[in-house]
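One letter stands for each residue in the lines below.
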Amino acid sequence: MALQCGIVGLPNVGKSTLFNALTAAKALAANYPFATKEPNLGVITVPDPRLDELARIVKPQRVVPTTIEILDIAGLIKGAAKGEGLGNQFLGNIRNVDAIIHVVRCFQDDNVIHVDGSVDPVRDKEVIDYELLLKDLETVEKRLAKAQKESKGGDKVALRRKEILEALKAHLEAGKPARSFDTQDKDDAKALVKELCLLTTKPVLYVCNVDEASVKSGNEFVEALAGAIKDEQAEMLIVSAAIEADIAQMEDPAERREFLEMMELEEPGVNRLIRSAYKLLDLITYFTAGEKEVRAWTVRKNTPAPQAAGVIHSDFEKGFIRAEVIKYHDFVTLGSEAACREAGKLSTEGKDYIVQDGDIMHFLFNV
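What you see as residue numbers is a count from 1 along each chain, following the sequence as written. In keeping with the predicted nature of the model, local features appear solely for residues at pLDDT of at least 70, side-chain atom pairs appear and are counted solely at 80 or more, and the whole-chain, interface and lining totals rest on all residues. With hydrogens and water set aside, each side-chain value is computed from the structure's full complement of heavy atoms.

Asker: Please give an account of the pattern of salt bridges that cites residues and values.
Answerer: In the sections that follow, a salt bridge refers to a side-chain nitrogen of Lys or Arg positioned within 4 Å of a carboxyl oxygen of Asp or Glu. Enumeration over the complete set of coordinates arrives at 25 salt bridges. Note that E232 is salt-bridged to R179, the shortest N-O span being 3.1 Å. Highlighted residues: E232 in the loop between α7 (220-229) and β7 (234-239) and R179 in the loop between α5 (156-173) and α6 (187-196), separated in sequence by 53 residues. For the pair E232 and R179, one class covers both residues: buried. Elements are defined by DSSP. Helices are runs of H or I of four residues or more, strands are runs of E of two residues or more, and each kind is numbered from the N terminus. Buried, partly exposed and exposed residues are distinguished by accessible area as a fraction of the type maximum, computed with a 1.4 Å probe on protein chains only: under 20%, between the cut-offs, and over 50%, respectively.

Take a look at the structure:
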């Protein structure tokens, strides 16, 4: 499932440094705007201790974690919606991702140039928000002009479409992202907004890039940003890209553990970031566990069993008969599939079963 999160932000906020730590790729992380002129794509392993525990019990020949894709996108500046800087390229790249990781600078450092001359995370956030809103407003206005022409004959569907677009236009003009536009119990509005593919409908995770001293408790910049996004449907995470870069360079696991202990951190911040990105994409994990392979598989929440089976192979979905399901807790507690069968902890589920996070599954099919 090639779902992507795009890392965005103003130039010099730490996007590429963070991307490097996430992927161990060699994206250029230089101290000047547009160091990353072409988007860099990394495939990121999703850390999941449940997979390690299953592997410990089953002792398979190989272990395969699940992954997501991370796209590092060039920095944006004011006027991007009108083509300034790398605006058109930026907006085109962001349109193609499923969710946004918005890195915001929350540290002071005179040696790192800020494109606007001072550190102000709320202003920086608003610069990008404004450019995305402008582009969405342009999209909505074009569609509204078409709807106004179509509704002149009195067609009810066209009139309703015009009404929705007018409300959406007003919502955007008020500086609110399309993802907060009320479509609850309005299937036609929900369908139209989805059809428009607006940039501000994408879920957002704000990553506060802080200095070493602020990585555990935050700082005044983090507090200001938290206040600015409190009414948004968005998540926020505190990370130090500089610390993550140091950790990424340590090949010895013991050295990493010692460094984390010294920094009083339980785990690298990139682990939290990856899990947050996974959650942002509305994904869950199910497992298959056998002697040959223990593997994590990615599906969206509320996926029925046949479609989950199709992630493994299309034939599994086409010829789906049933699924045998063991809950992770039961498998770990009892220690094997055979013990779960004997204890009545293996259930047989049909086509209507909705896969749950952590399910251990075996599919029966016939094609």
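Asker: How would you summarise the environment of H171 if you had to cite specific residues and measurements?
Answerer: Mapping H171 onto the fold places it in helix α5. For the pair H171 and A338, spaced 167 residues apart in the sequence, the C-alpha separation amounts to 57 Å. In what follows, residue pairs with any heavy atoms lying within 4.5 Å of each other are defined as contacts. Not counting residues within four places of it along the chain, the set of residues in contact with H171 comprises K176, P177, A178, S180 and F181.

Asker: Account for the packing of aromatic side chains, naming residues and giving values.
Answerer: Only the six-membered ring of Trp is used, alongside the rings of Phe and Tyr, when aromatic pairs are assigned; centres must lie within 6.5 Å, and planes under 30 degrees apart are stacked while those over 60 apart are edge-to-face, with the rest tilted. One pass over the full model with this rule turns up 3 aromatic pairs. Through a chain of ring-to-ring contacts, three or more aromatic side chains come together here, namely Y286, F320 and F363. One cation-aromatic arrangement involves R105 over F107; the distance from NZ or CZ to the ring centre is 4.5 Å. Cation placement over rings: the criterion is NZ of Lys or CZ of Arg within 6 Å of the ring centroid and within 35° of the ring normal.

Asker: Lay out the pairing of strand β4 (residues 67-72) in plain terms, naming residues and giving numbers.
Answerer: Looking along a regular strand, one sees side chains alternate from face to face of the sheet. In terms of burial, β4 is a largely internal element, 5 of the 6 residues being buried. Between any two strands, at least two bridges found by DSSP are needed for them to pair. Of the strand pairs in this sheet, strand β1 (residues 4-8) and β4 are connected by 4 bridges, and their pairing is parallel. Its bridge partner lying in β4, Q4 is registered against E69. In terms of strand pairing, strand β2 (residues 40-45) meets β4 through 6 bridges, oriented antiparallel.

Asker: If you had to explain the packing of helix α1 (residues 15-23) against helix α10 (residues 269-280) to someone new, which residues and values would you point to?
Answerer: Here α1 crosses α10 at 90 degrees, and the two axes come no closer than 10 Å. One element, α1, and the other, α10, form an angle in the roughly perpendicular class. Only V270, L273 and I274 of α10 make contact with α1, whose side of the interface consists of L18, A21 and L22. Charged residues are taken to be Asp, Glu, Lys and Arg, nonpolar residues to be Ala, Val, Leu, Ile, Met, Phe, Trp, Tyr, Cys and Pro, and polar residues to be all remaining types, Gly included. In terms of residue class, the contact of α1 with α10 is built from 6 nonpolar, no polar and no charged. For helices, the fitted line uses only the C-alpha atoms of the stretch in contact; every axis is such a line through C-alpha atoms, and the angle between N-to-C directions lies from 0 to 180 degrees. Roughly parallel means an angle under 35 degrees; roughly antiparallel means over 145; roughly perpendicular covers 65 to 115; every other angle is labelled oblique.

Asker: If you had to explain unusual backbone geometry to someone new, which residues and values would you point to?
Answerer: Glycine aside, a negative phi is what most residues show, and trans is what most peptide bonds show. You will see that K59, though not glycine, has its phi angle at about 55 degrees, which is positive. Residue placement: K59 occurs in the loop between α2 (49-58) and β3 (62-64). According to the relative accessible area criterion, K59 is exposed, its value standing at 63%. The backbone of D282 sits at a positive phi, close to 65 degrees, despite the residue not being glycine. Along the chain, the position of D282 falls in the loop between α10 and β8 (283-289).

Asker: Account for a negative patch on the surface, naming residues and giving values.
Answerer: A cluster of acidic residues, E251, D252, E255, E258 and E261, forms a negative patch at the surface. Along the chain, E261 falls in helix α9 (residues 253-262). Using a relative accessible area of 60% as the deciding quantity, one classes E261 as exposed. Patch construction takes residues with relative accessible area above 30% that form no salt bridge. Like charges are linked within 9 Å, and nonpolar side chains (Val, Leu, Ile, Met, Phe, Trp, Tyr) are linked within 5 Å. The Shrake-Rupley method, run with a 1.4 Å probe, gives the accessible areas here. Residue values count only the displayed protein chains as cover. Only four residue types enter the tally: Lys and Arg on the positive side, Asp and Glu on the negative side; His and the chain ends are excluded. Throughout, a charge is located at the NZ atom of Lys, the CZ atom of Arg, the CG atom of Asp or the CD atom of Glu.

Asker: Give me the lowdown on the confidence of the model for the protein, citing residues and values where you can.
Answerer: For the protein, mean pLDDT is 87; residues scoring 70 or higher make up 90% of the total. Taken together, the stretch residues 25-37 has pLDDT below 50 and engages in 32 contacts with residues farther than four places along the chain or on a different chain. Scored from 0 to 100, pLDDT reflects the predictor's confidence in each residue.

Asker: So, α9: which residues are in play, and what are the values?
Answerer: Put simply, D252 is the residue that caps the front of α9, since its side-chain oxygen is 3.1 Å from the backbone nitrogen of A254. One or two residues past the end of α9 sits E264, with phi positive at roughly 60 degrees. Between N or O atoms, a polar contact is any pair within 3.5 Å; within protein, one atom must be a potential hydrogen donor and the other a potential acceptor, and residues adjacent in sequence are included only when both atoms are from side chains.

Asker: Report on the sheet that holds β4, specifying residues and quantitative values.
Answerer: Spatial strand order, β2-β4-β1-β5-β6-β7: 6 strands in an open sheet with mixed pairing. If you trace the sheet from one side to the other, it starts and ends with β2 and β7, each paired once. Averaged over all neighbouring strand pairs, the angle between strand axes comes to 25 degrees, with direction disregarded. Across 6 bridges, the pairing between strand β6 (residues 204-209) and β7 is parallel. Residue pairing for β7: V204 is matched across the bridge by A234. The strands that α1 touches are β1, β2, β4, β5 (99-105), β6 and β7; relative to β2, the one it contacts most, it runs at about 40 degrees. The strands touched by α10 are β1, β2, β4, β5, β6 and β7; relative to β7, the strand with the most contacts, the crossing angle is about 170 degrees.

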